[in-house]
Amino acid sequence: MAEAAKPSGRDGGRTLLAVEGLQIELERRAQPPAPIARNVSLRVDEGEIVGLIGESGSGKTVTAKSLIGLLPDRIRVAAGRAMYRGRDLFALTPQQMRAVRGAEISLIPQDALHALNPVQVIGRQVGEPVEVHTNRPAADIRDLVVRLLERVRTPDPRARAGDYPHQFSGGMQQRALTAMALSMEPPLILADEPTTALDVTIQAEIIALIRDLRAQTGASFLFISHDLGLVSSLCDRIYVMYAGEIVESGARDGIFGRPRHPYTHALMGAAPRLLGNPERLSTIPGRIPQPSEEMAGCRFRDRCPRVESRCAAPPALREVAEGHAVRCWLA
């Protein structure tokens with residue numbers, strides 16, 4: 001059967017991934033499920049780097065992991081679809097998902113030290129997706145591993161392929177995970193906080209590497225981060241997530257040039273490289289609500305400096321400018 005035609009993105013690029021109405025729930029004993037992601041819709045076009053930003057606990061990582069069937073126990077997709085090249089990822093069987101994961105969609109997880117197996121050498125782990133998804137001879141895989149480590153700028157890659165994770169620095173571990181994600185040259189890479197706990201110099205190298213990889217392979221990225229400085233320098237379009245909802249989305253220049261949602265503006269005010277005097281950073285009072293907390297209306301209203309009476313009713317995500325959508329009564 002011929003593959004279904006891929007829809008075009010707003011800017012003419014062909015859409016690689018389209019998530020529509022995603023709802024993720026935490027199952028609880030003797031209680032109704034608690035919503036973690038609420039009616040999340042987003043898209044990634046071919047060759048595009050899309051940012052997904054928000055505080056820790058916003059639902060960014062669980063949204064990404066749902067796409068490749070890696071949700072923890074008791075957390076499940078309750079509704080929605082994720083169309084990837086004509087197939088709904090949420091409708092795939094476990095066996096079908098294993099064929100997609102790593103080969104067509106790969107994940108660069110955060111916390112490289114815990115993502116790598118401490119008792120296997122780096123080369124074996126980088127080559128594992130190729131070993132699982134192909135019948136290539138072991139010698140060919142070893143040569144490929146060396147080329148991959150070289151691509152991610154690992155010094156002396158042939159020798160370092162025989163090292164264990166503890167022999168790599170944090171930045172080198174992150175490079176190894178990136179090489180692993182690239183091993184099958186997947187069209188879509190989910191980069192989940194790939195620069196967490198790295199110093200500024202290594203962060204810049206990882207970001208430069210992602211740019212180079214897009215240019216060399218044409219891969220698309222969903223780049224998850226709470227570092228707005230990195231997102232502003234890397235991503236083409238941005239989705240802002242708060243308490244499991246997309247509260248603002250748009251092109252990079254629109255989001256960072258004129259943020260419309262009070263939460264987006266507050267995030268930028270807390271980032272020293274984006275708004276205001278870096279010695280007088282603003283903070284967001286309160287905390288992000290937990291999934292189990294019932295809350296009517298706008299989920300940001302208890303922390304919002306511009307709250308009004310109408311915020312007691314839930315706002316819809318609506319387009320306020322070409323390609324720019326906001327979930328706020330005040331936008």
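## Some details on the packing of aromatic side chains
Under the definition given, this model contains three aromatic pairs. Considering the side-chain rings of Tyr-242 and Tyr-263, the 4.5 Å spacing of their centres and the 55° angle between planes classify their relative orientation as tilted. Taken as a pair, Tyr-242 in strand β9 (residues 237–242) and Tyr-263 in helix α11 (residues 262–269) lie far apart in primary sequence, 21 residues in all. Since its relative accessible area comes to 0%, Tyr-263 is described here as buried. Taken together, a centroid distance of 5.3 Å and an interplanar angle of 65° make the contact between Tyr-263 and Phe-300 edge-to-face. With a gap of 37 residues between them, Tyr-263 in helix α11 and Phe-300 in the loop between α11 and β11 (318–321) connect regions that are remote in the sequence. Grouped by ring-pair contacts, the aromatic residues Tyr-242, Tyr-263 and Phe-300 constitute a single cluster. One residue, Arg-160, lies across the ring of Phe-168, its end atom 4.5 Å from the ring centre.

## Observations regarding the domain arrangement of the protein chain
What the domain assignment lists for the protein chain is domain 1 (1–104 + 186–289 + 319–331) and domain 2 (111–185). Here the C-alpha centroids of domain 1 and domain 2 sit 26 Å apart. By the criterion of area lost to domain 2, the three top residues of domain 1 are Pro-186, Leu-209 and Leu-213, representing 32% of everything that side buries. Run the count over domain 1 and domain 2 and you get two salt bridges.

## Concerning the side chain of Asp-45
Relative to the assigned elements, Asp-45 resides in strand β2 (residues 31–45). Within the structure, the side chain of Asp-45 is placed 3.1 Å from the side chain of Arg-43, a separation counted as a polar contact.

## Quick look at the sheet that holds strand β4 (residues 75–84)
Read across the open sheet, the four strands follow the order β2-β1-β4-β5; overall the sheet is antiparallel. If you trace the sheet from one side to the other, it starts and ends with β2 and β5 (87–88), each paired once. The pairing of β4 with β5 spans two bridges and is classified as antiparallel. Considered in β5, the bridge of Tyr-84 is made with Arg-87.

## Quick word on helix α5 (residues 138–151)
Relative to the 20 Å expected for 14 residues at 1.5 Å per residue, α5 spans 20 Å between its end C-alpha atoms, a close match to the ideal helical length. Within the span of α5, buried status applies to Ile-141, Leu-144, Val-145, Val-146, Leu-148 and Leu-149. Buried-residue contacts for α5 involve α4 (122–133), α6 (157–160) and α7 (170–182). Phi for Arg-153, located one or two positions after α5, is positive at around 65°.

## Regarding α4
Ile-122, Gly-123, Gln-125, Val-126, Gly-127, Pro-129 and Val-130 are the residues of α4 that are buried. Buried-residue contacts for α4 involve α5, α6 and α7.

## Comments concerning the nonpolar core
In this structure, Phe-223, Ile-238 and Tyr-263 are the most contacted members of the largest nonpolar core, which totals 55 residues. Sort the elements by how many residues they give to this core and α7 lands first, with six residues. In this structure, this core is formed jointly by two domains, domain 1 (1–104 + 186–289 + 319–331) and domain 2 (111–185), each of which donates at least three residues. Setting aside chain neighbours within four positions, we find Tyr-263 in contact with Gly-54, Glu-55, Ser-58, Val-240, Met-241, Tyr-242, Val-247, Ile-284 and Phe-300. Counting 31 residues, the second largest nonpolar core, distinct from the first, contains Leu-22, Ala-37, Ala-64 and Ile-224.

## Digging into the packing of α4 against α7
At their nearest, the axes of α4 and α7 sit 7 Å apart, and the two run at 30° to each other. Considering the angle they form, α4 stands roughly parallel to α7. Residues Ile-122, Gln-125, Val-126 and Pro-129 of α4 form the contact with α7, whose participating residues are Ala-176, Ala-179 and Met-180.

## A few points about the packing of α7 against helix α8 (residues 200–217)
Contact pair α7 / α8: the axes reach a minimum separation of 10 Å and the direction vectors enclose 15°. In terms of orientation, α7 and α8 fall into the roughly parallel class. For the pair α7 and α8, the crossing hand works out as right-handed. On α8, the residues that touch Gly-171, Gln-174, Arg-175, Thr-178 and Leu-182 of α7 are Ile-202, Glu-205, Ile-206, Leu-209 and Leu-213.

Definitions and cut-offs
Residues numbered from 1 in each chain as written. Predicted model: local features only at pLDDT ≥ 70, side-chain atom pairs only at ≥ 80, totals over all residues. Heavy atoms only, no water. Phe/Tyr/Trp six-rings, centres within 6.5 Å; stacked < 30°, edge-to-face > 60°. Helix = DSSP H or I, 4+ residues; strand = E, 2+ residues; numbered from the N terminus. Buried < 20%, exposed > 50% of the residue type's maximum accessible area, 1.4 Å probe, protein only. Lys NZ or Arg CZ within 6 Å of the ring centre and 35° of its normal. Domains from an automatic or database assignment. Buried area = accessible area lost by both parts, 1.4 Å probe. Salt bridge = Lys/Arg side-chain N within 4 Å of Asp/Glu carboxyl O. Polar contact = N/O pair within 3.5 Å; in protein donor to acceptor, adjacent residues only side chain to side chain. Pairing = 2+ DSSP bridges. Expected span 1.5 Å × (residues − 1). Contact = heavy atoms within 4.5 Å. Core = buried A, V, L, I, M, F, W, Y, C linked by side-chain atoms within 4.5 Å. Axes fitted to C-alpha atoms, helices over the stretch in contact; angles between N-to-C directions. Parallel < 35°, antiparallel > 145°, perpendicular 65-115°, else oblique. Left-handed = near helix turned anticlockwise from the far one by under 90°.

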